[in-house]
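Now for the letters of each chain:
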Amino acid sequence: MRARDKVRVNALRTTLAALDNAEAVAVDEADLRGGALECSPVGAGTTEAVRRELSEPDVVGVVRAEVAERLEAAAQLTAPAHADRAARLRAEAAVLLSLLDGPSTA
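Counting of residues starts from 1 at the beginning of each chain's written sequence and follows it residue by residue. At least 70 in pLDDT is required for a residue's local features to be given in this predicted model, at least 80 for side-chain atom pairs to be given and counted, and no such filter applies to totals for whole chains, interfaces and linings, which use all residues. As a rule here, side-chain values cover all heavy atoms of the structure and leave hydrogens and water aside.

**Digging into the environment of T14**
The criterion, for reference: Secondary structure counts use DSSP, requiring at least four H or I residues in a row for a helix and at least two E residues in a row for a strand, with both numbered from the N terminus. In this scheme, a residue with accessible area under 20% of its type's maximum is buried, one over 50% is exposed, and one in between is partly exposed, where area comes from a 1.4 Å probe on protein chains only. The contact definition used throughout considers only heavy atoms, calling two residues in contact when any of these lie within 4.5 Å. By the criterion applied in these results, polar contacts are pairs of N or O atoms within 3.5 Å in which, for protein atoms, one can donate a hydrogen and the other can accept it, and in which residues neighboring in sequence qualify only through two side-chain atoms.
Structurally, the position occupied by T14 is in helix α1 (residues 6-22). With a relative accessible area of 30%, T14 lands in the partly exposed category. In this structure, the C-alpha to C-alpha distance between T14 and E66, residues 52 residues apart in sequence, is 8.5 Å. Filtering out sequence-adjacent residues up to four positions away, T14 remains in contact with E66 and R70. There is a polar contact of 3.2 Å between the side chain of T14 and the backbone oxygen of A11. At 2.2 Å, the side chain of T14 and the side chain of R70 are in polar contact.

Have a look at this one:
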């Protein structure tokens, strides 16, 4: 990342965000209704929700979904004006696929 490879950095950042979202726990609608103010939790970390822990197959599934999303979006960008964006999406998909295939020597 020190080389500032924008394609690689963008692919990794968005995939890390997708993994972070996948770890989120669904909020029950009943939890959204607030109670009395005096019953509210107080202190650092008291409102933090426990996050799910993803297994390796879950992580691979999220990364594969990110690859599929990029390739699908690139396929839909058929206008010549969008050729650069489509190429960038395909390059990001290739970066993610290389991570799934194993460690690279680069």
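On we go from here.
**Regarding α1**
Inclusion rule: Expected helix span is taken as 1.5 Å per residue step, with the number of steps being one fewer than the number of residues.
Helix length check: α1, at 17 residues, gives a terminal C-alpha distance of 24 Å against a target of 24 Å (1.5 Å per residue), a fit within 8%. Buried residues of α1: V9, A11, L12, T15, A18, L19 and A22, and no others. The elements touched by buried residues of α1 are α3 (56-76) and α4 (83-101).

**Describing the nonpolar core**
Definition in use: For this analysis, a nonpolar core means a set of buried residues of the types Ala, Val, Leu, Ile, Met, Phe, Trp, Tyr and Cys, connected via side-chain atoms within 4.5 Å.
Counting six residues, the largest nonpolar core consists of A11, V63, V67, A93, V95 and L96. For this core, the secondary structure elements donating two or more residues are α3 and α4. With three residues, the top contributor of residues to this core is α4. Residues in contact with V63, not counting those within four places in the same chain, are T15, L96 and L100. Ranked by size, the runner-up nonpolar core spans five residues in total, among them A18, L19, L54 and V62.

**Here we look at the pattern of salt bridges**
Convention followed: Between Lys or Arg on one side and Asp or Glu on the other, a salt bridge is scored when a side-chain nitrogen of the former is within 4 Å of a carboxyl oxygen of the latter.
Going through the model one piece at a time under the given rule, you end up with five salt bridges. Where R88 meets E92, a salt bridge forms, and the shortest distance between an N and an O atom there is 3.7 Å. Note that R88 and E92 are positioned in helix α4 at a spacing of four residues, about one turn of the helix. Residue R88 is classed as partly exposed on the basis of its relative accessible area, which comes to 32%. Residue E92 is classed as buried on the basis of its relative accessible area of 2%. Three or more residues are tied together by salt bridges with common partners; here these are E66, R70, R88 and E92.

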